[in-house]
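# A structural walkthrough
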Amino acid sequence: MTTDKPARTLKLNPGAPKKPADPFAPRRAPVRPPGPARAKSVSASAPKPPREPSPEFAPKRARSPDDRAERPRPPSASPRPQPRPPMQPHRPDLARVGNVRGEIRLNKRMADLGLCSRREADEWIARGWVLVNGEPAVMGMPVAPDARVEVLPQARHQQAGQVTILLHKPVGYVSGQPEDGHEAAATLIGAPSQWRGDARMPGDGRRFAPEHTRGLAPAGRLDIDSTGLLVLTQDGRVARTLIGENSGVEKEYLVRVQYAPNGPQGEGVVGQDVQAIFPPAQMALLRHGLSLDGQPLKPAQVDWQNPEQLRFVLVEGKKRQIRRMCEQVGLHVVGLKRIRIGGVLLGNLPVGQWRYLGGNERF
(Lines give C-alpha, C1' and ligand atoms only; values in the text may rest on other atoms or scores of the structure.)
Protein backbone atom coordinates (compact mmCIF):
# COMPACT_ATOMS: atom_id res chain seq x y z
CA MET A 1 0.00 0.00 0.00
CA THR A 2 1.43 3.28 -0.96
CA THR A 3 1.12 6.37 1.19
CA ASP A 4 2.66 8.85 -1.22
CA LYS A 5 0.60 11.98 -1.60
CA PRO A 6 0.05 13.33 -5.03
CA ALA A 7 2.33 16.32 -5.93
CA ARG A 8 0.69 19.68 -5.57
CA THR A 9 0.68 21.94 -8.52
CA LEU A 10 0.59 25.72 -8.54
CA LYS A 11 -2.23 27.08 -10.48
CA LEU A 12 -2.19 30.58 -11.83
CA ASN A 13 -5.35 32.55 -12.07
CA PRO A 14 -4.82 35.01 -14.87
CA GLY A 15 -7.99 36.80 -14.18
CA ALA A 16 -7.29 37.47 -10.49
CA PRO A 17 -6.56 41.05 -9.53
CA LYS A 18 -2.86 41.94 -8.82
CA LYS A 19 -1.78 42.97 -5.35
CA PRO A 20 -0.57 46.56 -5.07
CA ALA A 21 3.24 46.86 -5.05
CA ASP A 22 4.92 47.77 -1.77
CA PRO A 23 6.50 51.21 -2.27
CA PHE A 24 9.15 50.48 0.39
CA ALA A 25 10.22 47.08 -0.94
CA PRO A 26 13.72 46.94 -2.48
CA ARG A 27 13.76 47.06 -6.21
CA ARG A 28 15.27 44.24 -8.18
CA ALA A 29 17.72 44.86 -10.94
CA PRO A 30 16.16 44.46 -14.36
CA VAL A 31 17.07 41.37 -16.23
CA ARG A 32 19.15 42.15 -19.32
CA PRO A 33 18.22 40.36 -22.47
CA PRO A 34 20.80 37.90 -23.70
CA GLY A 35 23.41 39.44 -25.97
CA PRO A 36 26.75 38.60 -27.50
CA ALA A 37 29.39 37.21 -25.19
CA ARG A 38 31.65 39.78 -23.55
CA ALA A 39 35.33 39.47 -22.63
CA LYS A 40 35.88 38.50 -19.08
CA SER A 41 37.68 41.05 -16.91
CA VAL A 42 40.75 40.03 -14.98
CA SER A 43 39.93 39.35 -11.39
CA ALA A 44 41.46 41.59 -8.76
CA SER A 45 42.95 38.56 -7.12
CA ALA A 46 44.77 37.50 -10.27
CA PRO A 47 48.52 38.32 -10.29
CA LYS A 48 49.48 41.40 -12.31
CA PRO A 49 52.46 41.40 -14.62
CA PRO A 50 55.42 43.50 -13.30
CA ARG A 51 55.64 47.09 -14.59
CA GLU A 52 58.83 48.39 -15.94
CA PRO A 53 59.95 51.51 -14.02
CA SER A 54 59.75 54.81 -15.81
CA PRO A 55 63.13 56.38 -16.55
CA GLU A 56 61.99 59.42 -14.61
CA PHE A 57 61.48 57.52 -11.37
CA ALA A 58 64.09 54.85 -11.81
CA PRO A 59 66.42 54.52 -8.82
CA LYS A 60 69.67 56.41 -9.32
CA ARG A 61 72.94 54.60 -9.22
CA ALA A 62 76.40 55.97 -8.88
CA ARG A 63 77.83 56.98 -12.20
CA SER A 64 81.41 56.41 -13.05
CA PRO A 65 83.52 58.77 -15.16
CA ASP A 66 83.16 56.30 -18.06
CA ASP A 67 79.36 56.56 -17.90
CA ARG A 68 79.53 60.34 -17.98
CA ALA A 69 81.80 60.25 -20.98
CA GLU A 70 79.60 57.82 -22.89
CA ARG A 71 76.28 59.44 -22.09
CA PRO A 72 75.43 61.91 -24.85
CA ARG A 73 74.34 65.39 -23.80
CA PRO A 74 70.95 66.53 -25.07
CA PRO A 75 71.27 69.33 -27.60
CA SER A 76 70.59 72.65 -25.92
CA ALA A 77 68.70 75.53 -27.45
CA SER A 78 71.69 77.84 -27.25
CA PRO A 79 75.41 77.08 -26.70
CA ARG A 80 76.80 77.77 -23.24
CA PRO A 81 78.55 81.17 -23.20
CA GLN A 82 82.29 80.95 -22.81
CA PRO A 83 83.95 83.10 -20.08
CA ARG A 84 85.39 86.31 -21.40
CA PRO A 85 89.12 86.81 -21.07
CA PRO A 86 90.10 89.60 -18.66
CA MET A 87 90.35 92.99 -20.30
CA GLN A 88 93.84 94.36 -20.47
CA PRO A 89 94.25 98.10 -19.88
CA HIS A 90 95.28 100.05 -22.92
CA ARG A 91 98.42 101.72 -21.74
CA PRO A 92 102.12 101.59 -22.61
CA ASP A 93 104.70 99.48 -20.86
CA LEU A 94 105.58 101.86 -18.04
CA ALA A 95 108.50 99.82 -16.74
CA ARG A 96 110.45 100.16 -19.99
CA VAL A 97 109.38 103.66 -21.00
CA GLY A 98 109.85 105.38 -17.65
CA ASN A 99 113.50 104.43 -17.17
CA VAL A 100 114.66 105.26 -20.69
CA ARG A 101 113.30 108.76 -21.21
CA GLY A 102 112.84 109.91 -17.62
CA GLU A 103 109.06 109.72 -17.85
CA ILE A 104 106.85 109.16 -14.80
CA ARG A 105 103.19 108.34 -14.34
CA LEU A 106 100.81 111.19 -14.90
CA ASN A 107 99.16 110.96 -11.48
CA LYS A 108 102.54 111.28 -9.75
CA ARG A 109 103.49 114.17 -12.01
CA MET A 110 100.26 115.99 -11.10
CA ALA A 111 100.88 115.40 -7.39
CA ASP A 112 104.46 116.69 -7.72
CA LEU A 113 103.10 119.83 -9.38
CA GLY A 114 100.78 120.36 -6.40
CA LEU A 115 97.65 120.10 -8.53
CA CYS A 116 96.03 117.35 -6.47
CA SER A 117 96.67 114.00 -4.81
CA ARG A 118 97.34 110.85 -6.83
CA ARG A 119 93.87 109.52 -6.05
CA GLU A 120 92.25 112.74 -7.22
CA ALA A 121 94.41 112.68 -10.35
CA ASP A 122 93.16 109.19 -11.24
CA GLU A 123 89.57 110.32 -10.76
CA TRP A 124 90.04 113.40 -12.94
CA ILE A 125 91.78 111.41 -15.67
CA ALA A 126 88.95 108.88 -15.71
CA ARG A 127 86.42 111.72 -16.13
CA GLY A 128 88.39 113.31 -18.96
CA TRP A 129 89.29 116.44 -17.01
CA VAL A 130 93.05 116.27 -17.70
CA LEU A 131 94.90 117.16 -20.91
CA VAL A 132 98.52 116.37 -21.74
CA ASN A 133 99.95 118.54 -24.50
CA GLY A 134 96.39 119.40 -25.51
CA GLU A 135 95.20 115.77 -25.77
CA PRO A 136 92.93 113.87 -23.34
CA ALA A 137 94.99 111.93 -20.84
CA VAL A 138 94.91 108.14 -20.48
CA MET A 139 94.96 106.35 -17.13
CA GLY A 140 98.49 105.29 -16.19
CA MET A 141 100.17 107.04 -19.09
CA PRO A 142 103.80 108.18 -18.69
CA VAL A 143 104.65 111.82 -19.27
CA ALA A 144 107.91 113.56 -19.96
CA PRO A 145 109.23 116.17 -17.51
CA ASP A 146 108.53 118.96 -20.01
CA ALA A 147 104.99 117.78 -20.88
CA ARG A 148 102.23 120.39 -20.56
CA VAL A 149 99.59 119.19 -18.09
CA GLU A 150 96.27 121.06 -18.02
CA VAL A 151 93.26 120.62 -15.74
CA LEU A 152 89.78 121.51 -16.95
CA PRO A 153 87.53 123.90 -14.96
CA GLN A 154 85.29 121.00 -13.85
CA ALA A 155 88.12 119.63 -11.73
CA ARG A 156 88.87 123.05 -10.25
CA HIS A 157 85.20 123.49 -9.37
CA GLN A 158 85.09 120.13 -7.61
CA GLN A 159 88.28 120.91 -5.72
CA ALA A 160 86.96 124.29 -4.58
CA GLY A 161 84.11 122.52 -2.77
CA GLN A 162 86.47 120.41 -0.66
CA VAL A 163 86.92 121.36 2.97
CA THR A 164 89.66 121.12 5.58
CA ILE A 165 88.62 120.96 9.23
CA LEU A 166 90.63 121.72 12.37
CA LEU A 167 89.51 119.72 15.41
CA HIS A 168 90.59 119.97 19.04
CA LYS A 169 90.68 116.21 19.65
CA PRO A 170 89.88 115.07 23.17
CA VAL A 171 91.64 112.20 24.94
CA GLY A 172 89.97 108.84 24.24
CA TYR A 173 89.33 109.32 20.51
CA VAL A 174 91.42 107.74 17.77
CA SER A 175 92.56 109.72 14.75
CA GLY A 176 91.61 107.13 12.11
CA GLN A 177 89.20 104.21 12.04
CA PRO A 178 87.48 103.11 15.29
CA GLU A 179 89.46 100.49 17.20
CA ASP A 180 89.30 98.67 20.54
CA GLY A 181 85.91 100.19 21.34
CA HIS A 182 87.12 103.78 20.87
CA GLU A 183 85.34 106.15 18.51
CA ALA A 184 86.96 107.94 15.59
CA ALA A 185 87.59 111.66 15.98
CA ALA A 186 85.63 112.29 12.77
CA THR A 187 82.40 111.40 14.61
CA LEU A 188 82.72 114.72 16.45
CA ILE A 189 82.27 116.70 13.24
CA GLY A 190 78.74 118.10 13.06
CA ALA A 191 76.73 121.28 13.33
CA PRO A 192 76.33 121.18 17.16
CA SER A 193 80.11 120.95 17.76
CA GLN A 194 81.16 123.70 15.33
CA TRP A 195 82.97 126.48 17.12
CA ARG A 196 80.84 129.60 17.38
CA GLY A 197 83.80 131.82 16.66
CA ASP A 198 84.08 130.16 13.25
CA ALA A 199 80.90 131.91 12.09
CA ARG A 200 82.32 135.31 13.02
CA MET A 201 85.12 135.07 10.44
CA PRO A 202 83.80 137.15 7.51
CA GLY A 203 86.29 135.82 4.97
CA ASP A 204 84.97 132.27 5.06
CA GLY A 205 81.17 132.42 5.40
CA ARG A 206 80.98 128.65 5.07
CA ARG A 207 78.10 126.72 6.58
CA PHE A 208 78.23 123.13 7.66
CA ALA A 209 76.70 120.61 5.23
CA PRO A 210 76.52 116.81 5.52
CA GLU A 211 78.65 116.38 2.39
CA HIS A 212 81.56 118.00 4.26
CA THR A 213 81.99 114.76 6.24
CA ARG A 214 82.21 112.50 3.17
CA GLY A 215 85.71 111.37 2.37
CA LEU A 216 87.05 113.32 5.35
CA ALA A 217 90.40 111.77 6.35
CA PRO A 218 92.96 112.66 9.04
CA ALA A 219 96.14 114.24 7.70
CA GLY A 220 98.46 112.96 10.39
CA ARG A 221 97.88 111.03 13.60
CA LEU A 222 97.41 112.00 17.20
CA ASP A 223 97.35 109.00 19.54
CA ILE A 224 94.40 108.11 21.74
CA ASP A 225 96.03 109.41 24.97
CA SER A 226 96.87 112.79 23.43
CA THR A 227 94.85 115.92 22.79
CA GLY A 228 95.21 118.96 20.60
CA LEU A 229 95.10 120.00 16.95
CA LEU A 230 94.00 117.34 14.44
CA VAL A 231 93.54 118.11 10.74
CA LEU A 232 90.87 116.29 8.73
CA THR A 233 90.57 117.09 5.06
CA GLN A 234 88.91 116.22 1.75
CA ASP A 235 91.67 117.99 -0.18
CA GLY A 236 94.47 115.77 -1.40
CA ARG A 237 96.82 118.73 -1.67
CA VAL A 238 96.55 119.37 2.06
CA ALA A 239 97.10 115.70 2.87
CA ARG A 240 100.19 115.58 0.65
CA THR A 241 101.58 118.73 2.29
CA LEU A 242 101.23 117.32 5.80
CA ILE A 243 101.96 113.61 5.38
CA GLY A 244 103.66 113.32 1.99
CA GLU A 245 106.98 111.59 1.55
CA ASN A 246 108.92 114.84 1.53
CA SER A 247 106.80 116.73 4.03
CA GLY A 248 108.81 118.98 6.31
CA VAL A 249 105.93 120.75 8.07
CA GLU A 250 106.66 121.44 11.73
CA LYS A 251 104.41 120.07 14.50
CA GLU A 252 104.64 121.66 17.94
CA TYR A 253 103.72 119.88 21.20
CA LEU A 254 103.56 120.65 24.90
CA VAL A 255 104.56 117.57 26.92
CA ARG A 256 104.21 117.12 30.67
CA VAL A 257 106.70 114.56 32.01
CA GLN A 258 107.97 112.77 35.09
CA TYR A 259 111.51 111.53 35.65
CA ALA A 260 111.24 107.74 35.85
CA PRO A 261 114.63 106.10 35.25
CA ASN A 262 113.24 102.70 36.33
CA GLY A 263 109.88 103.03 34.58
CA PRO A 264 106.65 104.67 35.73
CA GLN A 265 106.00 101.86 38.23
CA GLY A 266 109.61 101.58 39.44
CA GLU A 267 111.55 103.33 42.15
CA GLY A 268 112.82 106.88 41.97
CA VAL A 269 109.89 108.50 40.10
CA VAL A 270 110.05 112.30 40.38
CA GLY A 271 107.04 114.39 39.38
CA GLN A 272 108.08 117.84 40.65
CA ASP A 273 110.90 120.05 39.35
CA VAL A 274 111.98 117.45 36.81
CA GLN A 275 114.15 120.00 35.02
CA ALA A 276 116.50 120.29 38.01
CA ILE A 277 117.43 116.59 38.09
CA PHE A 278 117.23 115.65 34.43
CA PRO A 279 120.75 115.01 33.04
CA PRO A 280 121.83 117.46 30.31
CA ALA A 281 123.29 114.60 28.27
CA GLN A 282 119.85 113.03 28.04
CA MET A 283 118.40 116.33 26.84
CA ALA A 284 121.01 116.36 24.07
CA LEU A 285 119.87 112.88 23.00
CA LEU A 286 116.26 114.04 22.81
CA ARG A 287 117.30 116.76 20.39
CA HIS A 288 119.35 114.46 18.18
CA GLY A 289 120.79 110.98 18.44
CA LEU A 290 117.84 108.64 19.09
CA SER A 291 116.51 105.95 16.76
CA LEU A 292 113.10 104.31 16.41
CA ASP A 293 112.34 101.08 14.56
CA GLY A 294 115.97 100.83 13.49
CA GLN A 295 116.00 104.27 11.82
CA PRO A 296 117.68 107.43 13.18
CA LEU A 297 115.33 110.28 13.95
CA LYS A 298 115.63 113.71 12.40
CA PRO A 299 116.83 116.56 14.64
CA ALA A 300 114.12 117.97 16.93
CA GLN A 301 113.74 121.13 18.94
CA VAL A 302 113.28 120.31 22.63
CA ASP A 303 113.24 122.91 25.42
CA TRP A 304 111.85 123.29 28.92
CA GLN A 305 108.69 125.39 29.17
CA ASN A 306 108.53 125.00 32.94
CA PRO A 307 110.11 122.55 35.43
CA GLU A 308 107.62 119.76 34.50
CA GLN A 309 106.82 120.54 30.87
CA LEU A 310 108.78 120.23 27.64
CA ARG A 311 108.19 121.83 24.25
CA PHE A 312 108.82 119.58 21.22
CA VAL A 313 108.98 120.70 17.58
CA LEU A 314 109.18 117.78 15.11
CA VAL A 315 109.29 117.54 11.32
CA GLU A 316 108.27 113.87 11.23
CA GLY A 317 105.45 111.90 12.78
CA LYS A 318 106.23 108.31 13.68
CA LYS A 319 103.75 106.35 15.77
CA ARG A 320 103.85 107.54 19.41
CA GLN A 321 107.17 109.18 18.61
CA ILE A 322 107.43 111.61 21.53
CA ARG A 323 106.40 109.02 24.14
CA ARG A 324 108.94 106.51 22.82
CA MET A 325 111.67 109.16 22.67
CA CYS A 326 111.06 110.09 26.28
CA GLU A 327 111.13 106.46 27.42
CA GLN A 328 114.65 106.08 25.99
CA VAL A 329 115.99 108.89 28.22
CA GLY A 330 114.14 107.98 31.43
CA LEU A 331 111.11 110.27 31.10
CA HIS A 332 107.47 109.24 31.39
CA VAL A 333 104.85 111.30 29.54
CA VAL A 334 101.76 112.12 31.62
CA GLY A 335 100.20 114.62 29.21
CA LEU A 336 100.67 115.58 25.54
CA LYS A 337 99.00 118.36 23.56
CA ARG A 338 99.63 119.46 19.96
CA ILE A 339 99.30 123.22 19.61
CA ARG A 340 100.57 123.97 16.08
CA ILE A 341 100.91 122.41 12.62
CA GLY A 342 102.95 124.57 10.26
CA GLY A 343 101.48 128.04 10.33
CA VAL A 344 98.12 126.96 11.79
CA LEU A 345 97.60 127.31 15.55
CA LEU A 346 95.18 125.52 17.83
CA GLY A 347 94.55 128.85 19.55
CA ASN A 348 91.48 129.08 21.77
CA LEU A 349 89.51 126.34 19.99
CA PRO A 350 87.70 124.45 22.80
CA VAL A 351 88.20 120.74 23.37
CA GLY A 352 85.81 118.62 21.27
CA GLN A 353 84.94 121.49 18.90
CA TRP A 354 86.08 122.21 15.35
CA ARG A 355 86.35 124.94 12.73
CA TYR A 356 87.08 125.28 9.02
CA LEU A 357 90.57 126.11 7.80
CA GLY A 358 90.52 129.79 6.92
CA GLY A 359 91.07 130.97 3.37
CA ASN A 360 94.15 132.93 4.47
CA GLU A 361 95.69 130.12 6.56
CA ARG A 362 98.56 128.04 5.24
CA PHE A 363 100.36 125.07 6.66
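Note that the structure is a prediction, hence the values are computed from the model and not measured. (Residues numbered from 1 in each chain as written. Predicted model: local features only at pLDDT ≥ 70, side-chain atom pairs only at ≥ 80, totals over all residues. Heavy atoms only, no water.)

### Quick word on the side chain of Ser117
Put simply, the rule reads: Secondary structure elements are taken from DSSP: a helix is a run of H or I of four residues or more, a strand is a run of E of two residues or more, and numbering for both begins at the N terminus. Each residue's exposure class comes from its accessible area (1.4 Å probe, protein chains only) as a fraction of the maximum for that residue type: buried when under 20%, exposed when over 50%, partly exposed otherwise. By definition, residues are in contact when any of their heavy atoms lie within 4.5 Å.
For Ser117, the position within the fold is in the loop between helix 3 (106-112) and helix 4 (118-127). Taking relative accessible area as the criterion, Ser117 reaches 17% and is therefore assigned buried. If near-sequence neighbours (up to four positions away) are discounted, Ser117 is found in contact with Ala111, Gly236 and Arg237.

### Considerations on the pairing of strand 12 (residues 301-306)
Basically, it comes down to this: Note: two strands are recorded as paired if DSSP finds a minimum of 2 bridges between them.
As judged from the five bridges shared by strand 12 and strand 13 (residues 309-314), these two strands associate in the antiparallel manner. For Asn306, the partnering residue across the bridge sits in strand 13 and is Gln309. Where strand 12 hands over to strand 13, the hairpin turn is made up of two residues, counted between the paired strands.

### What about the environment of Gln158?
Inspection of the secondary structure assignment puts Gln158 in helix 5 (residues 153-160). For the pair Gln158 and Trp124, spaced 34 residues apart in sequence, the C-alpha separation works out to 9.9 Å.

### Considering the confidence of the model for the protein chain
Inclusion rule: You can read pLDDT as the predictor saying how much it trusts each residue, on a scale of 0 to 100.
The share of residues in the protein chain with pLDDT of 70 or more is 70%, and the mean pLDDT across the chain is 81. Of the regions scoring below 50 in pLDDT, residues 88-98 engages in twelve contacts with residues more than four places distant in sequence or in other chains.

### Description of the pattern of salt bridges
Operational definition: Salt bridge, as used here, is a side-chain nitrogen of Lys or Arg placed within 4 Å of a carboxyl oxygen of Asp or Glu.
By the definition in use, this model includes 14 salt bridges. For the salt bridge of Lys108 with Asp112, the shortest nitrogen-to-oxygen distance reads 3.2 Å. Here Lys108 pairs with Asp112, and both are found in helix 3, just four residues apart, close to one helical turn. Judged by its relative accessible area of 30%, Lys108 falls in the partly exposed class. For Asp225, the salt bridge is made with Arg320, and the minimal N-O distance between the two is 3.8 Å. Of the two residues, Asp225 is situated in the loop between strand 7 (217-218) and strand 8 (227-233) and Arg320 in the loop between strand 13 and helix 9 (321-328); the sequence distance between them amounts to 95 residues. Taking relative accessible area as the criterion, Asp225 reaches 40% and is therefore assigned partly exposed. Among the residues examined, Arg320 registers a relative accessible area of 33% and is labelled partly exposed.

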